[in-house]
Amino acid sequence: MAYKYQYNPAATDNVTLHENGKPRDRAGFSQSNIRHRSTEDDQMSRGARCCFGLLFLTTQVLLHGLITLILYWVIQFRWKDGQGLPFAWRGTGRVALEKQWNLHPVLMVTGFIYCMGQAMLVYRSCRCCRRIYNKLLHTFFHILAIPCVVLGFLAAWDYHSLRTDKDGNADPIPHFYSIHSWLGLLTMGLFLLQFLVGVFSFLLLLCCESATASYRAALVPIHSTVGTTTFLLAVATAVAGLTEKAFFELSITYPGWVRYIQGAAPEDLPSIGGIPYSSGHFLESVLLNVMAATLALLGVLMPLLLWTPQFRNRSQHSH
């Protein structure tokens, strides 16, 4: 009678019974297991690797470029007095409050776009180390995002609550009145839920790995989908915030950059408060548009890198 192979869930190295007795290397893995792992790691074709590398490099350039652009925008156009630093925390006076607001876009983009983007990219791209190290690095980038998001939220909250007019009279702005703020609340809620469920399910439950394997495997596609959705919501929130700031700060001068590059005289372009249209208006308008376009490109490239089947090996379909 033919021998029927069975799987032993108590085996510590997850090796089927028929592999017992086969030659093993110094680390204790059977030779067939090593060949199986090599096959999984080499699943990505040479062309797919080339495309993945090019898209990965492009995404990294966009992520770092976005941080550079938003810092340049704050320093060049939001640092009104040019004294001290362009940032402040709960200082006194209108200028200090404006500097505190400057923390909001920088920290929110750093936390939600840069840190979350890097967290997803390292888990997808790091194929040379053990999976637990991938998870820890993935978690580390999300932990870095938490203080950025908290401080960025508090900076905007204080700005709305403590805002004053030019005469020093209280002139607060209502909280959560705009599309930008509603999307931001939804993004923060999803991020918190995703982080707590991810840490509990894919790190803490490893203490009883065999008993929770089916649960974690079923949760993988949900975790991946919610993570990508959170990133895309963060992109939409950031674009909405930039649009809101463009119309608030630049007002009727915002569309003037199109006529400006066509050679129209500054005096023929719209102005605010008697201040004639200048190259500064033009540069800030274009800069805001470039940042929004960069965010949109990241919203396209990140799901492409994460969800294209040719860019995923079999070992990354389970946690």
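What counts, and at which threshold
- Residues numbered from 1 in each chain as written.
- Predicted model: local features only at pLDDT ≥ 70, side-chain atom pairs only at ≥ 80, totals over all residues.
- Heavy atoms only, no water.
- Helix = DSSP H or I, 4+ residues; strand = E, 2+ residues; numbered from the N terminus.
- Buried < 20%, exposed > 50% of the residue type's maximum accessible area, 1.4 Å probe, protein only.
- Contact = heavy atoms within 4.5 Å.
- Areas by Shrake-Rupley, 256 points an atom, 1.4 Å probe, with all protein chains shown as cover.
- Axes fitted to C-alpha atoms, helices over the stretch in contact; angles between N-to-C directions.
- Parallel < 35°, antiparallel > 145°, perpendicular 65-115°, else oblique.
- Nonpolar A, V, L, I, M, F, W, Y, C, P; charged D, E, K, R; others polar.
- Expected span 1.5 Å × (residues − 1).
- Bend = angle between axes of the 7 residues up to and from the residue.
- Phe/Tyr/Trp six-rings, centres within 6.5 Å; stacked < 30°, edge-to-face > 60°.
- Core = buried A, V, L, I, M, F, W, Y, C linked by side-chain atoms within 4.5 Å.

(A) Summary view of the overall build of the protein. When helices and strands are tallied, the protein shows eight helices and zero strands. Reading the helices (α) and strands (β) of the protein from amino to carboxyl end gives α-α-α-α-α-α-α-α. Across the 319 residues of the protein, 39% fall into the buried class. Looking at the protein alone, contacts between residues at least 24 apart form 66% of all its contacts between residues at least 6 apart. Summed over all atoms, the accessible surface of the protein reaches about 17900 Å², with 66% contributed by carbon and sulfur.

(B) Structural context of the packing of helix α6 (residues 209-250) against helix α8 (residues 279-307). Between α6 and α8, whose axes approach to 10 Å, the crossing angle comes to 170°. Taken together, α6 and α8 sit at an angle that is classed as roughly antiparallel. Classifying every residue of the contact of α6 with α8 by side-chain character gives 19 nonpolar, six polar and one charged.

(C) The side chain of K245, seen in detail. With respect to the secondary-structure elements, K245 resides in helix α6. Classification of K245 as buried rests on a relative accessible area of 11%. If we skip the residues at most four places from it in the chain, K245 touches W73, R78, W101 and L250.

(D) Here's a closer look at helix α3 (residues 94-125). Between the first and last C-alpha of α3 there are 46 Å, a value that for 32 residues agrees with the 46 Å anticipated at 1.5 Å per step. For α3, the principal kink sits at T110 and spans about 35°.

(E) Representation of the packing of aromatic side chains in the model. A complete count under the given rule lists 13 aromatic pairs for this structure. Consider the rings of F140 and F141, whose centres lie 6.0 Å apart with planes at 65°: the pair is edge-to-face. The exposure class of F141 is buried, given its relative accessible area of 17%. Judged by centre distance (5.9 Å) and plane angle (50°), the ring pair of W157 and F176 falls under tilted. In this pair, W157 is assigned in helix α4 (residues 131-162) and F176 in the loop between α4 and α5 (179-202), connecting sequence segments 19 residues apart. Classification of W157 by relative accessible area gives partly exposed; the value is 34%. Three or more aromatic residues link up through ring pairs in this structure, and these residues are F52, F56 and F311.

(F) A look at unusual backbone geometry. The phi dihedral of F176 is positive, around 55°, even though this residue is not glycine. By relative accessible area, F176 is classed as partly exposed at 32%. Even without being glycine, S251 reaches a positive phi, approximately 50°.

(G) Seen up close, the nonpolar core. Within the largest apolar cluster, 46 residues are counted, with the highest numbers of intra-cluster contacts made by W73, I113, F231 and M291. Sorting the residues of this core by element identifies α2 (46-78), α3, α4, α6 and α8 as the ones contributing at least two each. Setting aside residues no more than four positions away along its own chain, M291 makes contact with L66, L69, I70, W73 and L242.

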